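# Coordinate analysis (summary)
Here is what each chain is made of, one letter per residue.
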Amino acid sequence: MRAVDGLRLALSQLESHASPLEARILELERQVLFGVKVHQEQDASIRRLEARLSAQMASQTRFRGDVASNAHAAQETIAQEFRQFVEQRLQNIARARLQHADCLTQYAREQHMPRLLGALCGVLFSGATPDFHQVRALLNVPEYGSVFETVNELFSKACEFHARSRATGMKCEWLFDFSYGAPLDPDRQEPWPSCDPSQPVRFVVAPAYVVNDQYYLLQRVFTG
């Protein structure tokens, strides 16, 4: 009889532990499904945006004689909006996540924010398509909540810049290439604020924006 009672007690304990585990599994499944839904919505939104922009550019080509001038103005707008995006919104989130990032410990403290901002720009603009998972990993973003929503919004804005540049039909690039330790090249680069322009280049904080080999925005580089 004691053996039976012992088995019943053990079974009761197992059931009490199983309930929280099942709840956690269900929560993890919900989070995974939410993440899949977010990415599907982003992809659909990007495709719709590219279609609208392509239609607008085609319309301008058919009905306007000053296409070259309009295209130049459009690229100037993209360049200035991109600069504001980096200097304000990306810099703000980089500053807010400094204490949570794991990639900065080997650098001097004054490099932490520009290093993280440069890495964030790299994830968002060094390739043809940014990766939301890489952004989350870089900034150590939680799976949900206000920080997740903010980063998701910034990611969508970065995707919009990609879509707008592709819709112009021109060769648009965000350039990160630089020579470590070389003097600053004023035709291609400008120093990050507080950096001495006479010092050698150490890393890129924000890329140049180049269209058909014409610089619309210079690289922002850290020197020292």
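Before reading further, recall that the structure is shown in the block above.
So, a few notes on the structure that sits alongside this text. (Residues numbered from 1 in each chain as written. Predicted model: local features only at pLDDT ≥ 70, side-chain atom pairs only at ≥ 80, totals over all residues. Heavy atoms only, no water.)

Quick look at the packing of aromatic side chains now. For the structure shown, the criterion picks out 11 aromatic pairs. Centroid distance Phe-125 to Phe-161: 6.4 Å. Interplanar angle 65 degrees. Geometry classified as edge-to-face. Of this pair, Phe-125 sits in helix α3 (residues 112–125) while Phe-161 sits in helix α5 (residues 146–167), and the two are 36 residues apart along the sequence. In this pair, the class of Phe-125 matches that of Phe-161, namely buried. Linked through ring pairs, Phe-82, Phe-85, Phe-125, Phe-161, Trp-174 and Tyr-209 together constitute an aromatic cluster. (Phe/Tyr/Trp six-rings, centres within 6.5 Å; stacked < 30°, edge-to-face > 60°. Helix = DSSP H or I, 4+ residues; strand = E, 2+ residues; numbered from the N terminus. Buried < 20%, exposed > 50% of the residue type's maximum accessible area, 1.4 Å probe, protein only.)

With that settled, the discussion passes to the pairing of strand β3 (residues 201–206). Among the six residues of β3, five are classified as buried, and the element is accordingly described as predominantly covered. Note that β3 and strand β6 (residues 219–223) share four bridges and pair antiparallel. If you follow Val-204 over to β6, its bridge partner there is Val-221. (Pairing = 2+ DSSP bridges.)

All told, the structure shown has seven salt bridges when counted by the stated rule. Taking the shortest distance from any N to any O, the salt bridge between Glu-81 and Arg-164 comes out at 2.5 Å. Of the two residues, Glu-81 is situated in helix α2 (residues 67–96) and Arg-164 in helix α5; the sequence distance between them amounts to 83 residues. Its relative accessible area of 30% is what places Glu-81 among the partly exposed residues. The partner of Arg-220 in a salt bridge is Glu-190, with the nearest N and O atoms 3.7 Å apart. Note that Arg-220 is positioned in strand β6 and Glu-190 in strand β2 (residues 189–191), a separation of 30 residues in sequence. (Salt bridge = Lys/Arg side-chain N within 4 Å of Asp/Glu carboxyl O.)

Another aspect to go through is unusual backbone geometry. Backbone geometry places Asn-140, a non-glycine residue, at a positive phi of 55 degrees. As for its placement among the helices and strands, Asn-140 is situated in the loop between α4 (132–139) and α5. Overall, the relative accessible area of 40% leaves Asn-140 in the partly exposed class. Positive phi, normally seen in glycine, also occurs at Asp-213, with a value near 70 degrees. For Asp-213, the location among the structural elements is in the loop between β4 (208–211) and β5 (214–217). For Asp-213, a relative accessible area of 61% translates into the label exposed.

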